[in-house]
Amino acid sequence: MQLIATAHGNTLENLMLNPTLSDLVGGIQTVTLSDEEARRRGTQKSVLERKAPPTFQVLVEIQAYQRVAIYHDVAQTVDAVLLGMPIAPELRERDATGDLQVSTQAPSKAASEAVERRSTPRLPANGGREILKVYPFGLSWTRVEDAARGLGVPIAIVREPEEADIVVTLKNYYRRKTTRIRNAESQGVPIYIARSNSSTQIASALASVVELRRGPEDQALDEARDAIEQVSNGAEREIELSPQNAYVRKLQHELVERANLSSRSSGHEPFRRVQIFK
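Residues numbered from 1 in each chain as written. Predicted model: local features only at pLDDT ≥ 70, side-chain atom pairs only at ≥ 80, totals over all residues. Heavy atoms only, no water.

Caption draft 1: Representation of the overall build of the protein in the model. Scanning the protein from N- to C-terminus turns up ten helices and 13 strands. Split into buried and exposed, the 278 residues of the protein put 38% on the buried side. Considering only contacts in the protein between residues 6 or more positions apart, those separated by 24 or more positions represent 54%. Split by element, the accessible area of the protein, about 15,700 Å² in all, is 48% carbon and sulfur. (Helix = DSSP H or I, 4+ residues; strand = E, 2+ residues; numbered from the N terminus. Buried < 20%, exposed > 50% of the residue type's maximum accessible area, 1.4 Å probe, protein only. Contact = heavy atoms within 4.5 Å. Areas by Shrake-Rupley, 256 points an atom, 1.4 Å probe, with all protein chains shown as cover.)

Caption draft 2: Geometry of the pattern of salt bridges. Under the criterion given, the structure shown has ten salt bridges. Its salt-bridge partner being Lys51, residue Asp23 comes within 4.0 Å of it at the nearest N-O pair. Of this pair, Asp23 sits in the loop between helix H1 (12-17) and strand E1 (28-32) while Lys51 sits in the loop between strand E2 (46-50) and strand E3 (59-64), and the two are 28 residues apart along the sequence. Two residues, Arg149 and Asp146, come together in a salt bridge whose shortest N-O distance is 2.8 Å. Here Arg149 pairs with Asp146, and both are found in helix H5 (residues 141-151), just three residues apart, close to one helical turn. Residue class for Arg149 comes out exposed when judged on its relative accessible area of 58%. (Salt bridge = Lys/Arg side-chain N within 4 Å of Asp/Glu carboxyl O.)

Caption draft 3: Broad picture of the environment of Val231. Mapped onto the elements, Val231 comes out in helix H9 (residues 216-232). For Val231, a relative accessible area of 0% gives the class buried. Taking the C-alpha atoms as reference, Val231 lies 6.5 Å from Phe277; in sequence the two are 46 residues apart. Those residues in contact with Val231 that sit more than four places away from it in its chain are Glu236, Arg237, Ile239, Leu261, Ile276, Phe277 and Lys278.

Caption draft 4: Fine view of the sheet that holds strand E4 (residues 67-71). Spatially, four strands are ordered E3-E4-E5-E6 in an open sheet, and the strand pairing comes out antiparallel. Of all the strands in the sheet, just E3 and strand E6 (100-104) have a single pairing partner and so form its edges. Taken over all neighbouring pairs, the strand axes of this sheet differ in orientation by 25 degrees on average, direction set aside. Where strand E5 (residues 90-94) lies against E6, five bridges are found, and the strand directions are antiparallel. In the sheet register, Leu91 faces E6, and the bridge partner there is Ser103. (Pairing = 2+ DSSP bridges. Axes fitted to C-alpha atoms, helices over the stretch in contact; angles between N-to-C directions.)

Caption draft 5: Seen up close, a nonpolar patch on the surface. Taken together, the side chains of Val58, Val60 and Ile62 define a hydrophobic patch exposed on the protein surface, amounting to about 290 Å² of accessible area. Residue placement: Ile62 occurs in strand E3. (Patch = residues over 30% accessible without salt bridge, like charges linked within 9 Å, V, L, I, M, F, W, Y side chains within 5 Å.)

Caption draft 6: Structural context of the sheet that holds strand E11 (residues 238-240). Taken in spatial order, the three strands make up an open sheet running E11-E13-E12, and their pairing is antiparallel. Both outer strands of the open sheet, E11 and strand E12 (262-266), are each paired with one neighbouring strand and no more. The average angle at which neighbouring strand axes cross in this sheet is 20 degrees, direction not considered. The sheet contact formed by E12 and strand E13 (residues 273-277) spans five bridges and is antiparallel.

Caption draft 7: Molecular detail of H5. All of the buried residues along H5 are Val144, Ala147 and Ala148. Along H5, the residues classed as buried sweep out an arc of 100 degrees about the axis, all on the same side. Among the exposed residues of H5, those pointing more than 90 degrees away from its buried face are Arg149 and Gly150. Directly after H5, the chain includes Gly152, whose backbone phi takes a positive value near 75 degrees. (Arc of directions from axis to C-beta.)

Caption draft 8: Region of the structure containing the nonpolar core. Ranked by internal contacts, the top residues of the largest apolar core, which has 27 residues, are Leu12, Met16, Val25, Leu59, Val78, Val81 and Val167. Mapped by element, the contributors of at least two residues to this core are H1, helix H3 (74-82), helix H4 (110-119), strand E7 (132-137) and helix H7 (179-186). Broken down by element, this core gets its largest block of residues, five residues, from H3. When sequence neighbours within four positions are dropped, the list of residues in contact with Leu59 reads Leu12, Leu15, Val25, Ala69, Ile70, Tyr71 and Val74. If you look at the next biggest cluster of nonpolar residues, it comprises 17 residues, including Ile166, Ile202, Leu206 and Val209. (Core = buried A, V, L, I, M, F, W, Y, C linked by side-chain atoms within 4.5 Å.)

Caption draft 9: Spotlight on the packing of aromatic side chains. In this structure the tally under the stated criterion is two aromatic pairs. Seen in terms of ring centroids, Tyr135 and Phe137 are 6.3 Å apart; in terms of plane orientation they differ by 35 degrees. Their pairing is tilted. For the pair Tyr135 and Phe137, a shared accessibility class is recorded, and that class is buried. Judged by centre distance (5.6 Å) and plane angle (85 degrees), the rings of Phe137 and Tyr173 are edge-to-face. With Phe137 in strand E7 and Tyr173 in helix H6 (residues 171-176), this residue pair connects regions lying 36 residues apart in the sequence. The buried category is assigned to Phe137, whose relative accessible area is 15%. A connected cluster of aromatic rings, assembled from ring pairs, spans Tyr135, Phe137 and Tyr173. (Phe/Tyr/Trp six-rings, centres within 6.5 Å; stacked < 30°, edge-to-face > 60°.)

What follows is the structure, given as structure tokens:
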């Protein structure tokens, strides 16, 4: 017996970025690595990983009327995307004579880059967080703004789903699959479900957005703050942070200086890191 299903979305990354549909391909979760594991991988401590086996083993993208792309191992493909590796699906296309042509698409990191753009914030020059554009469907705009204010998340309400970074709606509206919801999904805009129209439930939906969109800078500075607290209260004499680029290390050094502690950078790129001590 073989189970076949369709899902709204033009590409694999559309499904990966949609919190409601991502479980079909295994779902995505933020995982915090140990210092040793992060150093071994050469990555940040917080990374995105697949959280479960995909519901379907094979995925077919309909790219055109006579052309499809086939991913024969969904689990392996999703893992590769999250690791930033290029993927190369099998292409099947029927030509003008009706013959089936089978080829392999050139390896591309487009899916990885799309997931990275949607999963991490872009920081403007002044160091603040970019405003999150939200399209509330069937929800009180005032309650969405109040919930965002309580979380400390700057948002802007937009009038069209295609203009939004995310759509927030209720389960019954999502199930109806209205034109606006379908348009958002086809554009790859993540859709988050609030259990009710209360400020608390809306805040809960927005909180999951904040966690997913936390960038490397946020995570690195949180790590520095935790280390500063441990050194300040005497729990540790010296703490070595995970490797960061020069810009992030500069921000970490500034945090340490404001706490009246000392710090230095050690190691060689790309594994150069900050050490904090009294």
